[in-house]
Amino acid sequence: MTRQKKEVVRKIREIEEFIEVDSELGCGFAPAGSYDNMYDEIYKLQEQLAKLSHYGSVEEMLYDNRGFKLDENIPFI
């Protein structure tokens, strides 16, 4: 993984951790839409990561199943 990808992943994790901590400390009582800007920022960072990883879109990156072993016990595959 390149340094640029690591930085993007680190930023995504920081934002996600902030949301989790704020939600936990506030007992889940954050006003509706208070994290929308942060989720938008996460999506922008994921777009950058997808481009750096040579994917066409974020969805293509997130739903890539290369490297996964198919298990016959999973009913939805």
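Just so we're clear, the structure is a prediction, and the values are computed from it rather than from any experiment.

**Comments concerning the overall build of the protein**
A count of helical and extended segments in the protein gives three helices and zero strands. Reading the protein from its N end, one meets helices and strands in the order α-α-α. By principal-axis analysis of the C-alpha atoms, the protein measures approximately 40 × 35 × 20 Å. For the protein, the proportion of its 77 residues judged to be buried stands at 19%. Per element, the accessible surface of the protein, about 6700 Å² overall, is 52% carbon and sulfur. If the 10 positive side-chain charges of the protein are averaged to one point and the 16 negative ones to another, these points end up 11 Å apart.

**Brief notes about the side chain of Gln 46**
Inspection of the secondary structure assignment puts Gln 46 in helix α2 (residues 36-52). By relative accessible area, which is 16% here, Gln 46 ends up buried. If we ignore the near neighbours within four places in the chain, the residues touching Gln 46 are Ile 12, Val 58 and Met 61.

**Topic: a negative patch on the surface**
A grouping of Glu 16, Glu 17, Glu 20 and Glu 24 is seen on the molecular surface, where their side chains present a negatively charged patch. With respect to the element layout, Glu 24 can be found in helix α1 (residues 3-25).

**A word on the pattern of salt bridges**
Summed over the entire model, instances satisfying the criterion amount to three salt bridges. When the shortest N-O distance is used, the salt bridge between Glu 14 and Arg 10 registers 2.4 Å. Here the residue Glu 14 and the residue Arg 10 both occupy positions in helix α1, the gap between them amounting to four residues, near one helical turn. Of the residues examined, Glu 14 reaches a relative accessible area of 43% and is grouped as partly exposed. Via salt bridges that share partners, Glu 7, Arg 10 and Glu 14 belong to a single interconnected network.

Rules used in this analysis
- Residues numbered from 1 in each chain as written.
- Predicted model: local features only at pLDDT ≥ 70, side-chain atom pairs only at ≥ 80, totals over all residues.
- Heavy atoms only, no water.
- Helix = DSSP H or I, 4+ residues; strand = E, 2+ residues; numbered from the N terminus.
- Buried < 20%, exposed > 50% of the residue type's maximum accessible area, 1.4 Å probe, protein only.
- Areas by Shrake-Rupley, 256 points an atom, 1.4 Å probe, with all protein chains shown as cover.
- Lys, Arg positive; Asp, Glu negative; His and termini not counted.
- Charge placed at Lys NZ, Arg CZ, Asp CG, Glu CD.
- Contact = heavy atoms within 4.5 Å.
- Patch = residues over 30% accessible without salt bridge, like charges linked within 9 Å, V, L, I, M, F, W, Y side chains within 5 Å.
- Salt bridge = Lys/Arg side-chain N within 4 Å of Asp/Glu carboxyl O.

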